[in-house]
Amino acid sequence: MIKFRTVFDEKAVEQLSKHTLKKQSWIYIALSAIMILLGAFRIWEGDKSTGISFILFGVIFVPVFLIIVSVSQKKVNSTMTLLQGETVEIYEFSKEELIIQTSKGEEYFSLIKAKYGYLYRVDETKDNYFLYISKIQSHVIDKRFLIEGSIEELNELFLEKLGAKFKPYKK
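Since we're looking at a predicted model, the values are computed, not measured. All residue numbers refer to positions counted from 1 along the written sequence of the respective chain. Residue-level local features of this predicted model are given only where pLDDT is at least 70; pairs of side-chain atoms are given and counted only at 80 or more, and the full residue set underlies all totals for whole chains, interfaces and linings. Excluded from the side-chain calculation are hydrogens and water; included are all heavy atoms of the structure.

Engineer: Just checking my understanding: could you explain the overall build of the protein for this structure?
Structural biologist: Strands here mean DSSP runs of E at least two residues long; helices mean DSSP runs of H or I at least four residues long; both are numbered from the N terminus. Counting its secondary structure elements, the protein contains three helices and nine strands. Helices and strands in the protein line up, N terminus first, as β-α-α-β-β-β-β-β-β-β-α-β. C-alpha atoms define the radius of gyration, and 2.2 Å times the number of residues to the power 0.38 defines the globule rule. Taken over C-alpha atoms, the radius of gyration comes to 21 Å for the protein, far larger than the 16 Å a tight globule of 171 residues would show. Viewed in the frame of its principal axes, the protein has a C-alpha envelope of about 65 × 35 × 25 Å. Per-residue burial for the protein yields a buried fraction of 35% across its 171 residues. Sequence-distant contacts in the protein: of pairs separated by 6 or more residues, those separated by 24 or more amount to 52%. Just so you have it, the protein exposes about 10,800 Å², and 62% of that area is on carbon and sulfur atoms. Asp and Glu count as negative and Lys and Arg as positive, but His and the ends of the chain are not part of the count. The location of each charge is read from NZ of Lys, CZ of Arg, CG of Asp or CD of Glu. Within the protein, the 21 negative side-chain charges are centred at a point lying 6 Å from the centre of the 24 positive side-chain charges. Only protein chains enter the accessibility calculation, which uses a 1.4 Å probe. A residue is then buried if its area is under 20% of the maximum for its type, exposed if over 50%, and partly exposed in between. The contact rule is simple, with two residues in contact once any of their heavy atoms fall within 4.5 Å. Note on areas: these come from Shrake-Rupley sampling with a 1.4 Å probe, and a residue is covered only by the protein chains present in the view.

This is the structure we're talking about:
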């Protein structure tokens, strides 16, 4: 058995947000590059004001987008009662099933017992596992909170149970 005892907090949400943005970063970079190239093309054609506008938009697009995402996420986080105070999550992985317990004092308790088919996919990074249950919903496990078993055992289990749906960390 492999077991983690973690805390569900803003850091876990932040890690998921960073992971998602990193996977989609090529889109934002491509959009910026297209705007900059269009701007250069417009300048080359003699339309300097439009060209400079396109280039400026291309340059500021990614930073402005990241600021908007960050502010929006903070607003969403402030409405999530599970992020206020300590919410404990325990993840247990056996050959047959995975068990996820989430509790917040006497206020909240949930228990998920599922077969590995419950998972849409699992991504491993240097510091975390992202257990996706859909394209946009994920459990986040910080590897530092491993209390039983090993990372290697869990990776073997994920490979066995999930096959190509498990994306191991590549150093």
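Engineer: How should the pairing of strand β7 (residues 138-142) be read in this particular structure?
Structural biologist: Two faces, one strand: in a regular strand the side chains alternate between the faces of the sheet. With respect to burial, β7 is a largely interior element, five of its five residues being buried. Burial along β7 is two-sided: S138, V140 and D142 facing one way and H139 and I141 facing the other are all buried. Of the pairings in the sheet, the one linking strand β6 (residues 128-132) to β7 comprises five bridges and is antiparallel in character. When the bridges of β7 are listed, L131 appears paired with H139. At least two bridges found by DSSP between two strands is the condition for calling them paired. Taking the residues that link successive antiparallel strands as the turn, the β6-β7 hairpin has five residues.

Engineer: I'm lost on the sheet that holds strand β8 (residues 146-148) in this one. Help?
Structural biologist: Read across the sheet, five strands follow the order β4-β3-β2-β1-β8 without closing on themselves; strand pairing throughout is antiparallel. The open sheet is flanked by β4 (108-114) and β8, the only strands paired with a single partner. With direction set aside, neighbouring strand axes in the sheet form an average angle of 15°. With two bridges joining them, strand β1 (residues 2-8) and β8 adopt antiparallel strand pairing. Across the sheet, the residue bridging to F4 is L146, located in β8. All axes are obtained by fitting lines to C-alpha atoms, using only the stretch in contact for helices, and the reported angles, taken between N-to-C directions, cover 0 to 180 degrees. Set on the sheet, helix α3 (residues 151-162) makes contact with β1, β2 (87-93) and β8; between it and β1 the angle comes to about 100°.

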